[in-house]
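The primary structure of each chain is shown beneath.
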Number of protein chains: 2
Amino acid sequence: MTRVAVVGLGLIGGSVALALGARGYDRLPEVRREARRRGIDVPDDVAGALADADVVVTAVATSETPSLLREVSALAPGAILTDTASLKLPVVVAARTLRAGVRFVAGHPMAGSELEGIAAATPDLFRGRTWILANTARSDEAAMEVVSALARKAGARPLVLDAEEHDRWMTWVSHLPGAVASALARVVRSRAGPDARALAGPGLLDTTRLASQRASLALELALADPPALAAAIDEVSAELSGLSAALRRGDTDAVAAFFAAAASARGELSGPPDAHSRG
Amino acid sequence: MTRVAVVGLGLIGGSVALALGARGYDRLPEVRREARRRGIDVPDDVAGALADADVVVTAVATSETPSLLREVSALAPGAILTDTASLKLPVVVAARTLRAGVRFVAGHPMAGSELEGIAAATPDLFRGRTWILANTARSDEAAMEVVSALARKAGARPLVLDAEEHDRWMTWVSHLPGAVASALARVVRSRAGPDARALAGPGLLDTTRLASQRASLALELALADPPALAAAIDEVSAELSGLSAALRRGDTDAVAAFFAAAASARGELSGPPDAHSRG
């Protein structure tokens, strides 16, 4: 039985703790209280939370992850560490400065919700989702296997990627959708009269959901690789301009072909991952 | 007790029948069979379905709605008719040609799902959603009230709009999100390698959900008012170009402001509609 401790009890950390029956800790007393109400075992100090842990999962922002890893590696010297930050290159770089002997596997569960914080945490958050793992200068095969097993226990599918490959991908599957959702929300809101809320159907709300990401997170993701995101955004603009030109010249065939190819593309993105997953 | 009959048992019609305990009919025998399995009372012919109905709800594509309304008004001469088509101007124009004495209220429940057909129908589809009603040359206040009451019975909030106002709005809250979702799906898929499915997290899947609309429906909506949609698309392109320029010149303040305003805009679109609804 692997004893797991989670540090940082927001949506992701709280959900990891609930999914794995793990002990937890958060620096905010009100979060610790709410986590206890949710049934998580939360000691009053971080050392108590980490005592005897075989695996420690950190669940804080990318920018806060390197210093937390250093702190945890000192407090839980025998444990395997893993993180959940949205970007992996900064974390993998930071891993090189952890002292020799520390075991650390970089991780990113591809899950989220419009809601935030421990109140929105749920043990099912990772069910059917991909949980990306990346090797670091401080990981080894046995540690990868331990963290993979935890991801599977949470209902997720582990997928091993290079940190660089992970971050390049995130531009397309996470940061770009966030930018597009944000642009759409801004435009529709600027056009909306008093009935905006009543007229926002599920289609608009789904398409703009990522615009409701905490602005600090959106900024962190957007600034991970600004030229790459700018290039990706320009590709979407080019697609949109092509469609708008076809609409203006009354080219029904081109408009039909645009939507038919889009439906097929969406189908290829949303099918069950098993057929194509390496995980 | 208002006796309701629904003609057309796809996702919307099937859900209306389930939500209201209504009788139903569909021209496809396999759909009638599946609807019966779902517990809907489905006679073998349309006349049997419409017998004694106080209200008939049509639930077919916009293009098929005018001829179905003529057919139903002949078979159920005393009933109040209402439709569920996505566009209201073509339906309101068609209403003028219904014989005098027919009572018809145009309607559009703002609900949907990635799934289609009777198999995806659910009595909860309209819960908390807006159900738009529009006056026509064949509607009267009492008929509006009867249809409003049915919308409320299905859990929806009725909202009365002009047909023209409805269709203008749909450009922004429905057709534009569909176009944006489609452009994004095309771009991401074109970049995706074998791991595309595994890496498509819930954020990407939500943002592209509308791209999976049946291509025939997407085309019908896109061609409702092509210059209006083209102009709306160009506004999103302009927003995206502004963001990509800010990323390229390293203007962190502008990028932060972009996402902060987007989060606030999304909040205004997604809040509870009561405060701002006229319905």
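On a predicted model such as this, the values are computed, not experimentally measured, just so you know. (Residues numbered from 1 in each chain as written. Chains lettered and ligands numbered in written order. Predicted model: local features only at pLDDT ≥ 70, side-chain atom pairs only at ≥ 80, totals over all residues. Heavy atoms only, no water.)

Visitor: Outline the interface of chain B and chain A, listing residues and values.
Guide: Listed by partner, the interface residues are 94 residues for chain B and 94 residues for chain A. Buried surface at the junction of chain B and chain A, both sides included, amounts to about 8,700 Å², of which 67% is carbon and sulfur. For chain B, the biggest contributors to the area lost against chain A are Arg197, Arg266 and Leu269 of chain B; these three give 10% of the whole. Scanning the region where chain B abuts chain A turns up 10 salt bridges. For Asp206 of chain A, the salt bridge goes to Arg209 of chain B, with nearest N and O atoms at 2.5 Å. The tally of links between chain B and chain A comes to 22 residue pairs in polar contact (both at pLDDT 80 or more). Elements that contribute at least two residues to the side of chain B that touches chain A include exactly β6 (130-134), α7 (163-191), α8 (196-199), α9 (202-207), α10 (215-222), α11 (226-248) and α12 (252-270) of chain B. For the side of chain B that touches chain A, the element with the highest residue contribution is α7 of chain B, accounting for 20 residues. Residues of the side of chain B that touches chain A, tallied by class, amount to 57 nonpolar, 21 polar and 16 charged. (Contact = heavy atoms within 4.5 Å. Buried area = accessible area lost by both parts, 1.4 Å probe. Salt bridge = Lys/Arg side-chain N within 4 Å of Asp/Glu carboxyl O. Polar contact = N/O pair within 3.5 Å; in protein donor to acceptor, adjacent residues only side chain to side chain. Helix = DSSP H or I, 4+ residues; strand = E, 2+ residues; numbered from the N terminus. Nonpolar A, V, L, I, M, F, W, Y, C, P; charged D, E, K, R; others polar.)

Visitor: Any chance you could break down the packing of aromatic side chains for me, citing the residues and the numbers?
Guide: Under the counting rule described, the total for this entry stands at four aromatic pairs over all chains. Measuring from ring centre to ring centre gives 5.3 Å for Phe258 of chain A and Phe259 of chain A, while their planes differ by 85 degrees; the resulting arrangement is edge-to-face. (Phe/Tyr/Trp six-rings, centres within 6.5 Å; stacked < 30°, edge-to-face > 60°.)

Visitor: Any chance you could break down the relation of the copies chain B and chain A for me, citing the residues and the numbers?
Guide: When chain B is fitted to chain A, the residual RMSD is 0.0 Å, and the transformation amounts to a turn of 180 degrees plus an axial shift of 0.0 Å. This pairing of chains is accounted for by a two-fold axis. Relative to the rotation axis, the closest C-alpha in chain B is found at Thr207 of chain B, a distance of 2.0 Å. Comparing contact sets, 100% of the residues at the interface of chain B also lie at the interface in chain A, consistent with an isologous, same-surface contact. (Least-squares fit on C-alpha atoms with pLDDT ≥ 70 in both.)

Visitor: Outline the confidence of the model for chain A, listing residues and values.
Guide: Per-residue confidence for chain A averages 93 on the pLDDT scale, and 96% of its residues sit at or above 70. Long-range and interchain partners of residues 273-279 of chain A, a stretch whose pLDDT sits below 50, account for 17 contacts in this model, where long-range means more than four residues apart. (pLDDT = per-residue confidence, 0-100.)

Visitor: Outline the sheet that holds strand β1 (residues 4-7) of chain A, listing residues and values.
Guide: Residue and element names in this part refer to chain A. In spatial order, the strands read β2-β1-β3-β4-β5-β6-β7; together these seven strands make up an open sheet with mixed pairing. Pairing within the sheet leaves two strands with one partner each, and these edge strands are β2 (23-25) and β7 (157-160). The average angle at which neighbouring strand axes cross in this sheet is 25 degrees, direction not considered. Here β1 runs beside β2; their pairing, made up of three bridges, is parallel. Across the sheet, Val6 pairs through a bridge with Gly24, a residue of β2. Relative to strand β3 (residues 55-58), helix α4 (residues 65-75) is tilted by about 160 degrees, and along the sheet it contacts β1, β3, β4 (80-83) and β5 (103-109). (Pairing = 2+ DSSP bridges. Axes fitted to C-alpha atoms, helices over the stretch in contact; angles between N-to-C directions.)

Visitor: Tell me about the pattern of salt bridges, and name the residues and values.
Guide: For the structure on display, the rule yields 30 salt bridges over all chains. One salt bridge in this structure joins Arg248 of chain A and Asp234 of chain B, with 2.6 Å as the shortest N-O distance. One end of the pair, Arg248 of chain A, is in helix α11 (residues 226-248); the other, Asp234 of chain B, is in helix α11, on a second chain.

Visitor: Give a detailed account of the nonpolar core, specifying residues and quantitative values.
Guide: The biggest cluster of nonpolar side chains holds 76 residues, and the ones touching the most others in it are Val173, Leu176 and Val236 of chain A together with Val173, Leu176 and Val236 of chain B. Not counting residues within four places of it along the chain, the set of residues in contact with Val236 of chain B comprises Ala183, Leu184, Val187 and Leu240 of chain A together with Leu176 and Val180 of chain B. (Core = buried A, V, L, I, M, F, W, Y, C linked by side-chain atoms within 4.5 Å. Buried < 20%, exposed > 50% of the residue type's maximum accessible area, 1.4 Å probe, protein only.)

Visitor: Could you give an account of the pairing of strand β1 (residues 4-7) of chain B, naming the residues involved and the relevant values?
Guide: Residue and element names in this part refer to chain B. Of the two faces of β1, the one carrying Val4 and Val6 and the one carrying Ala5 and Val7 are both buried. One ladder, built from four bridges, connects β1 with strand β3 (residues 55-58); its direction is parallel. Residue pairing in the sheet places Val6 in a bridge with Val57 of β3. With helix α1 (residues 11-20) bridging β1 and the parallel strand β2 (residues 23-25), this β-α-β connection has right-handed handedness. (Right-handed = clockwise from strand over helix to strand, strands pointing away.)

Visitor: Tell me about the sheet that holds β3 of chain B, and name the residues and values.
Guide: Residue and element names in this part refer to chain B. Taken together, seven strands build an open sheet; the order of strands is β2-β1-β3-β4-β5-β6-β7 and the sheet is mixed. On the outer flanks of this sheet lie β2 and β7 (157-160), each paired with one strand and no other. Going from strand to strand, the sheet's axes swing by 25 degrees on average, the running direction of each strand aside. Where helix α4 (residues 65-75) meets the sheet, it contacts β1, β3, β4 (80-83) and β5 (103-109), and its direction lies at approximately 160 degrees from that of β3.

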